Each structure stands twice: as C-alpha cells, then as structure tokens.
Amino acid sequence: MAASKKAVLGPLVGAVDQGTSSTRFLVFNSKTAELLSHHQVEIKQEFPREGWVEQDPKEILHSVYECIEKTCEKLGQLNIDISNIKAIGVSNQRETTVVWDKLTGEPLYNAVAAPVSPGPSDPAAVVPSGSSVPAAGASSVWLDLRTQSTVESLSKRIPGNNNFVKSKTGLPLSTYFSAVKLRWLLDNVRKVQKAVEEDRALFGTIDSWLIWSLTGGASGGVHCTDVTNASRTMLFNIHSLEWDKELCEFFEIPMKILPNVRSSSEIYGLMKAGALEGVPISGCLGDQSAALVGQMCFQDGQAKNTYGTGCFLLCNTGRKCVFSEHGLLTTVAYKLGRDKPVYYALEGSVAIAGAVIRWLRDNLGIIKTSEEIEKLAKEVGTSYGCYFVPAFSGLYAPYWEPSARGIICGLTQFTNKCHIAFAALEAVCFQTREILDAMNRDCGIPLSHLQVDGGMTNNKILMQLQADILYIPVVKPSMPETTALGAAMAAGAAEGVGVWSLEPEDLSAVTMERFEPQINAEESEIRYSTWKKAVMKSMGWVTTQSSESGDPSIFCSLPLGFFIVSSMVMLIGARYLSD
C-alpha cells in the first residue's frame with residue numbers, strides 16, 4: 001500500500017520559507033500543488049535599542065536545518081519517500097543584511113546588545129568586559145532604523161534634478177534597503193572593516209547566507225542571490241540586471257563582497273548536509289515575489305497582498321518598469337529562468353501588519369494568543385471611533401515618513417480593549433487601501449478584486465473589513481501557503497529539474513474563498529477619511545537626534561524638563577508660603 005501511495009504522488013518539491021518571525025519548510029506535490037507536510041520554528045528578534053532590530057544568522061540557519069529534518073520525519077510517518085523530493089526553493093525576508101567570514105563561515109557582526117550607547121562613529125563591536133553578546137552575529141533586519149542619519153547624509157549628495165539612485169533601482173533612499181545597512185556595518189563594526197581589508201568578507205541578504213551555507217559554506221558554498229533579492233539592495237540596476245558600479249561607488253561598497261546575481265529559477269548548487277543531501281537548490285525569490293508567483297499573478301495588472309509581519313501589495317506590470325508618482329516602489333517581480341524575460345512590479349509596503357497583533361499580545365497583554373484578536377473584535381463589531389496608526393518604525397508607502405510614530409486616538413471613557421483590537425485590524429486594512437489607491441493612480445486601471453495570502457488571512461473579520469474598506473471583493477486561496485508555493489514552483493520548473501510546468505494550461509486550478517463588501521460606499525469613505533486624519537497626527541513625532549541618541553534622560557525632552565523644574569519650584573514655593 002505504501003509503495004502504491006508513493007507511485008501516485010510522483011515528484012515532490014520542498015520550499016524553505018524564511019520570514020522575520022519564523023522559518024518553515026514545506027513539501028508540495030509538483031503535479032497537484034498539494035501541501036503534503038511542513039514544520040515551523042519561531043525566530044527571535046532582538047531590540048537592543050529603540051529603533052534597532054536584530055536577528056542571529058546562525059539561529060536562522062539552524063532553524064532551516066531543523067525544519068527540513070522534522071518535515072522529512074513527518075513525511076516518513078506518512079509513508080512518503082523523501083527521495084521523491086527533487087528540488088528545493090528558497091523564499092526569504094528581503095533587505096535583511098548579513099556579512100560573514102568566507103573562511104570560517106561565521107557572521108562578522110555581533111549584536112549591538114551591550115549596555116553601551118555608541119555614537120554614530122563609535123565601533124559597535126567594542127564591548128565592555130562582562131557584557132552579554134551572542135557568539136553568533138546578528139543580521140540587520142529590514143525594520144531597523146539605526147541608519148537614519150546615514151540616509152540623511154547620503155541624501156545631501158544626490159542632485160535634486162538627478163535622482164540616479166531611484167532611476168537605476170526603482171527605490172527611494174531609505175533605511176529600509178540593504179545598501180545603507182551595509183554602509184552602517186562598514187562604518188561601525190571593526191570586524192567587518194578588517195575582514196573587507198583582508199578579503200575575507202561576504203555580503204548577502206538572507207537568501208545568499210542560506211544558499212552559501214546549505215551548499216557547503218566555507219567548503220565551497222555558492223555565493224549568489226537572485227534578481228528579486230538583488231533589486232532590494234539599492235546597489236542593483238533593475239534595467240541592466242547587474243550590480244551598478246556608480247551606485248556601489250556612491251555607497252562606497254566594495255563590489256568584491258557582493259554575491260553573483262542569478263535568475264529566480266535555475267540550479268545554484270546541491271545540499272551538502274542533512275536529510276536532503278544531494279538535492280539541488282534551484283529556486284530563489286524574495287518573499288513577496290514568491291507570493292506573486294504562488295498566486296499565479298503572471299498577467300499584467302494582476303495584484304496580490306500578503307499579510308504577514310508587514311503587509312506587501314504587489315502588482316505585476318509586465319516586462320516594463322512603471323515608475324510611481326505616488327510613493328510606491330518599482331521592483332523586479334521575477335525572472336523564471338536564465339534565458340527567460342524579466343518581469344517587473346509596483347510594490348507598496350506596510351511595515352506593521354501582523355506585528356501590531358504581536359504588540360497587543362506581548363507589550364499590552366490584552367490578548368494571550370494572536371488568534372484571540374478575532375474574538376475580541378467580533379464582540380463589539382466596531383472600533384467606536386477609535387483609530388490606531390501603528391507607525392512603530394515610521395510610515396512606509398505611500399508616505400515614506402520616518403518621523404512618524406504610533407498613535408491611538410479617538411478614545412472615550414467607553415473605549416475598551418475590544419475596540420482597540422478592532423481598530424488594530426482596521427489599521428491593517430486602511431494601510432492596504434492607501435497603497436491600492438496609489439497603485440490605481442500609477443497604473444491607471446483600478447483593480448476589480450484583490451488576491452490575498454499570508455497568516456493573517458485566516459482572520460475572517462480582517463478579510464471582511466478589508467473588502468468593506470477597499471469596496472472591492474477580496475479573494476483568498478483555500479491553500480494559504482502561496483509564498484512557499486511560489487518558491488517551490490520556481491525550483492521545480494528550473495532547467496535540469498523540470499518537474500513543475502508553469503504553462504497556463506498545466507497550472508492547477510485553486511479553489512478560492514470570496515469576501516464581498518457589506519457596507520455602503522459612503523460609510524467606507526467616511527471611515528477612510530477619518531483614518532487619514534489620524535495618520536496626519538502621527539507625523540513629526542521624532543527627530544534624528546532624539547531617535548538615535550538613546551539619551552534616557554527625561555531632560556532630553558525640553559518641555560518635560562521645563563514642566564518638572566517649574567513643578568519643583570512651585571512645590572518649594574508652596575512649602576515656603578505654608579511656613
């Protein structure tokens with residue numbers, strides 16, 4: 001019976017899905033796109049200082065190995081032979097920056113978790129005796145804001161009438177992208193500086209770090225990335241599809257440390273260890289491009305929104321670059337083969353989506369599990385005029401406003417945790433609408449519906465709210481793992497693997513759940529305009545000095561200082577008069 005089951009399954013494809021909060025390994029049937037088994041491991045995020053977010057690259061790598069081993073064990077329990085796994089794809093959080101030593105395989109940047117506050121020019125690698133620093137390095141995560149001063153100094157060097165950075169990369173100069181994180185590491189971390197001088201340093205986003213490590217690491221690992229991840233570094237020319245010499249000189253990045261750029265679907269190398277040793281790694285896509293492929297948005301004008309830690313809306317613009325006039329990014333969507341054409345996309349990014357639920361759980365403690373938020377929101381069915389702008393790390397598309405910070409407004413004595421929970425879900429939907437409006441203006445063709453995926457789409461209240469606020473249907477595939485599916489499709493379709501056909505007639509039909517708007521257009525507009533008012537209130541809260549100095553003194557806030565001093569004077573005066 002087991003033998004016949006294996007015969008029916010045919011070739012399988014695995015996918016590593018490495019995100020900001022977890023790592024997963026999933027295995028799909030290449031003929032039916034059915035998910036057969038998976039395993040997930042949570043990843044820690046460290047916040048050593050306000051605006052600084054870090055992760056341990058070695059923890060990420062170990063989590064990948066663990067997920068592969070556990071998934072293979074589960075397949076064995078299902079009588080599925082793991083020798084049927086013919087290829088592995090990689091999908092990853094983008095922009096997150098790692099620098100490592102090619103001779104030892106060790107990350108070079110230790111987490112800035114020491115109880116010191118080094119200034120912009122102080123080497124962050126200097127740690128006082130007795131400080132607790134992880135043995136492994138820490139990557140510079142995409143939400144990290146430490147590079148704001150770097151961005152400001154670089155922006156002064158770009159001529160106002162010739163923004164060559166944006167014209168070559170499709171990206172605004174921002175803390176979000178890898179080049180400024182790498183520049184910060186080169187400026188501040190002695191170990192990185194020394195390794196570059198001695199020709200030992202390699203740079204990569206998470207995909208590069210994983211592929212290099214999985215294909216042998218210091219013993220012949222393949223140092224590469226794909227066009228989608230390269231396009232998020234701000235060092236890559238999206239027209240020529242090459243690292244750009246002028247951009248590297250502008251950011252003062254040595255080109256010798258950069259990975260080779262490959263297509264999203266080709267054999268990069270073979271697994272050198274673990275249960276799947278010898279299996280080719282043949283697909284690589286940044287997570288949002290992977291979701292676009294997994295949603296099968298292969299036609300111009302098709303769009304998807306992924307609801308994860310952040311929220312990412314991508315619209316396929318075909319083989320032409322469309323440059324946004326409304327704060328969106330132009331990015332590479334995919335290139336599914338060495339000799340295949342490149343496709344582009346417009347992208348809008350919301351930094352805080354699922355992260356706002358995590359914040360309500362971990363920081364405020366109003367829910368014990370992320371799933372509870374749906375129950376709280378359902379109890380009231382309204383935010384009762386409460387609006388939550390979760391600009392914890394500033395506002396991204398379409399504002400690109402780093403001075404913004406999170407606010408909850410419209411509170412009354414009647415407001416309770418249920419209303420705040422509802423407002424948090426609405427915030428995700430309002431931010432998506434802002435991006436969709438910008439996209440419609442840039443493309444000139446309003447979307448007829450929105451395809452959605454990601455963990456948060458299990459929340460039916462959220463999906464209905466999204467349909468109401470967009471005032472168009474929201475369509476969700478019954479198999480929600482579209483990011484991993486996209487990576488698996490790219491891997492299985494690679495030349496030399498050839499177990500997954502991407503021809504339209506061969507793509508499996510996917511069953512969908514559809515959410516239609518249930519409120520009238522006028523109510524939708526009123527709620528959206530009130531949200532816009534709340535967003536305006538969130539801007540201008542911090543300056544570079546206050547966000548980066550880390551000065552804990554209450555007197556770093558001048559108004560607060562005056563208030564405390566004047567209060568002390570009044571208190572002394574009152575005591576004097578009473579005597």
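An unreviewed UniProt entry lists the protein under the name Glycerol kinase isoform X2, from Camelus bactrianus.

> Mind showing me how you'd approach the overall build of the protein here?
Each helix and strand in the protein was counted, giving 18 helices and 23 strands. Taking all 579 residues of the protein together, the buried fraction comes to 57%.

> Hey, could you run me through the environment of Val 293 in this one?
Within the element layout of this structure, Val 293 appears in helix α10 (residues 287–294). When the C-alpha positions of Val 293 and Leu 336 are compared, they lie 9.7 Å apart, and in sequence the two are 43 residues distant. Apart from residues no more than four positions distant in its own chain, Val 293 is found in contact with Leu 285, Phe 298, Tyr 334, Gly 486 and Met 489.

> So what exactly am I meant to see when it comes to the sheet that holds strand β3 (residues 35–42) here?
Hydrogen bonds along the backbone pair up the strands of a sheet, which may run parallel or antiparallel. Taken together, the six strands give an open sheet; going across it, the order is β3-β2-β1-β5-β14-β13, and neighbouring strands pair in mixed fashion. Two strands in the sheet have a free side with no partner beyond their single neighbour: β3 and β13 (265–270). Looking at each pair of strands side by side, their axes are set apart by 25° on average, direction ignored. Bridge count for strand β5 (residues 85–92) against strand β14 (residues 280–286) is five bridges, and the pairing is parallel. Directly across from Ser 91, in β14, lies its bridge partner Leu 285. On top of the sheet, helix α2 (residues 57–77) reaches β1 (12–18), β2 (22–29), β3 and β5; it is set at about 145° to β3, its chief contact.

> Help me understand the pattern of salt bridges in this model?
Oppositely charged side chains can form a pair if their charged atoms are brought close together. Counted according to the given criterion, the structure contains 26 salt bridges. The partner of Lys 194 in a salt bridge is Glu 198, with the nearest N and O atoms 2.9 Å apart. Taking the relative accessible area as the measure of exposure, Glu 198 reaches 41% and is therefore partly exposed. The partner of Glu 525 in a salt bridge is Arg 433, and the shortest N-O contact between them spans 2.6 Å. With Glu 525 in helix α16 (residues 521–538) and Arg 433 in helix α13 (residues 417–443), this pair connects stretches of sequence that are 92 residues apart. Of the residues examined, Glu 525 reaches a relative accessible area of 41% and is grouped as partly exposed. Here the residues in one salt-bridge network are Arg 94, Glu 95, Arg 232, Asp 287 and Glu 347, joined through shared partners.

> Even after reading the chapter, I still don't get the environment of Asn 229, so can you show me in this structure?
Along the chain, Asn 229 falls in helix α8 (residues 227–230). Overall, the relative accessible area of 1% leaves Asn 229 in the buried class. Expressed as a C-alpha distance, the spacing of Asn 229 and Val 332, which sit 103 residues apart in the sequence, is 8.5 Å. A polar contact of 2.9 Å, which involves the side chain of Asn 229, links it to the side chain of Asn 92. One polar contact links Asn 229 to Asp 226, side chain to side chain, over a distance of 2.9 Å.

> What am I meant to see in α10 here?
What sets the pattern is the α-helix's 3.6 residues per turn: residues three or four places apart point alike. Within α10, eight of the eight residues are buried, leaving the element largely enclosed by the surrounding structure. Following α10 by one or two positions, Met 296 has its phi on the positive side, about 60°.

> Which parts of the structure should I look at to understand the pairing of β5?
Counting buried residues in β5 gives seven out of eight residues, a clear majority hidden from the surface. Pairing between β1 and β5: seven bridges, direction parallel. From the neighbouring strand, Gln 18 faces β5, where its bridge partner is Asn 92.

> Explanation requested: the packing of helix α11 (residues 354–364) against α13 in the structure shown.
For any two helices packed against each other, the geometry is given by the interaxial angle and the distance between the axes. Two numbers describe how α11 lies on α13: the axes approach to 9 Å, and their chain directions differ by 160°. Relative to α13, the element α11 is oriented roughly antiparallel. Taken as a pair, α11 and α13 cross one another with a handedness that is right-handed. Residues Val 356, Ile 357 and Leu 360 of α11 touch α13, and the partners they reach there are Ile 420, Ala 421, Ala 424, Leu 425 and Val 428. For the contact of α11 with α13, the residue count by class is eight nonpolar, no polar and no charged.

> Quick question: what am I supposed to make of the packing of aromatic side chains here?
When we look at a pair of aromatic rings, we describe it by the centre distance and by the angle of the planes. If you walk through the whole model with that rule in mind, you get 15 aromatic pairs. A centroid spacing of 5.2 Å and a plane angle of 85° characterise the contact between Phe 164 and Phe 250, whose relative ring orientation is edge-to-face. A residue pair is termed long-range when its members are at least 10 positions apart, and Phe 164 in helix α4 (residues 164–169) and Phe 250 in helix α9 (residues 245–251) qualify at 86 residues. Residue Phe 164 shares its accessibility class with Phe 250, and that shared class is buried. Arranged with centres 5.2 Å apart and planes meeting at 20°, the rings of Phe 430 and Trp 531 form a pair that is stacked. Of the two residues, Phe 430 sits in helix α13 while Trp 531 sits in helix α16, which places them 101 residues apart along the sequence. Overall, Phe 430 belongs to the buried group, its relative accessible area being 1%. Every member of this aromatic cluster is reached through a ring pair, and the members are Tyr 387, Phe 430, Tyr 528 and Trp 531. Here Arg 94 stacks its cationic end above the ring of Phe 312, 5.4 Å away from the centre of that ring.

> Explain helix α6 (residues 190–197) to me, please; I cannot follow it from the model alone.
Within α6, burial applies to Val 192, Ala 195 and Val 196. When α6 is viewed along its axis, its buried side chains cluster within an angular range of 100° and face the same direction. Contacts made by the buried residues of α6 are with β6 (97–101), α5 (178–188) and β8 (201–205). Positioned one or two residues after α6, Asp 199 has a phi angle of 60°, which is positive.

> For this particular structure, what's the right way to read the pairing of strand β16 (residues 311–318)?
Every other side chain in a regular strand lies on the same face of the sheet, so the side chains alternate between the two faces. Among the eight residues that make up β16, eight are buried, leaving the element largely enclosed by the rest of the structure. Taking every second residue as pointing to the same face, both faces of β16 are buried, with Cys 311, Leu 313, Cys 315 and Thr 317 on one and Phe 312, Leu 314, Asn 316 and Gly 318 on the other. Direction of pairing for strand β15 (residues 303–307) relative to β16: antiparallel, over a ladder of five bridges. Each bridged residue has a counterpart across the sheet, and for Lys 304 the counterpart in β16 is Leu 314. Between β15 and β16, which pair antiparallel one after the other, the connecting turn spans three residues. Pairing geometry for β16 and strand β18 (residues 343–350), over seven bridges, is antiparallel. Note that in β18 the partner of Asn 316 across the bridge is Ala 345.

> In this structure, what is going on with the environment of Phe 25? I would like to understand it.
Checked against the element boundaries, Phe 25 lands in strand β2. Once the C-alpha coordinates of Phe 25 and Ala 15 are considered, the two residues, ten residues apart in sequence, prove to be 5.6 Å apart. Residues contacting Phe 25, with those up to four places away along its chain left out, are Gly 14, Ala 15, Val 16, Ser 37, His 38, His 39, Cys 67, Ile 68, Thr 71, Ile 88 and Leu 276.

Procedures and definitions
Note on numbering: residues in each chain are counted from 1, in written sequence order. Only residues with pLDDT of at least 70 are given local features in this predicted model, and only at 80 or more are side-chain atom pairs given and counted; all residues enter the totals for whole chains, interfaces and linings. Each side-chain value is derived from all of the structure's non-hydrogen atoms; neither hydrogens nor water enter the calculation. Secondary structure follows DSSP: runs of H or I at least 4 residues long count as helices, runs of E at least 2 residues long count as strands, and numbering of each begins at the N terminus. With a 1.4 Å probe rolled over the protein chains alone, any residue whose accessible area is under 20% of its type maximum counts as buried; one over 50% counts as exposed, and the rest are partly exposed. Note on definitions: a residue-residue contact is assigned when non-hydrogen atoms from the two residues lie within 4.5 Å. When DSSP finds two or more bridges between two strands, those strands count as paired. Inter-axis angles, ranging from 0 to 180 degrees, are taken between N-to-C directions of lines fitted to C-alpha atoms, where helices are fitted over the stretch in contact. In what follows, salt bridge is the name for a side-chain nitrogen of Lys or Arg lying within 4 Å of a carboxyl oxygen of Asp or Glu. For the purposes of these results, a polar contact is taken to be a pair of N or O atoms within 3.5 Å, where, inside protein, one atom must be able to donate a hydrogen and its partner to accept one; residues adjacent in sequence count only when each atom of the pair is a side-chain atom. When describing relative orientation, an angle under 35 degrees is termed roughly parallel and one over 145 degrees roughly antiparallel, while 65 to 115 degrees is termed roughly perpendicular and anything else oblique. Rotating anticlockwise by less than a right angle from the far helix to the near helix defines a left-handed crossing, while the corresponding clockwise rotation defines a right-handed one. Polarity classes work like this: nonpolar for Ala, Val, Leu, Ile, Met, Phe, Trp, Tyr, Cys and Pro, charged for Asp, Glu, Lys and Arg, and polar for all others, with Gly in that last group. When the centres of two rings from Phe, Tyr and Trp lie within 6.5 Å, Trp using its six-membered ring, the rings pair. Their planes under 30 degrees apart give stacked, over 60 give edge-to-face, and anything left gives tilted. By definition, being over a ring means that NZ of Lys or CZ of Arg is both within 6 Å of the ring centre and within 35 degrees of the ring normal. What the arc describes is the spread of directions from the helix axis to the C-beta atoms.

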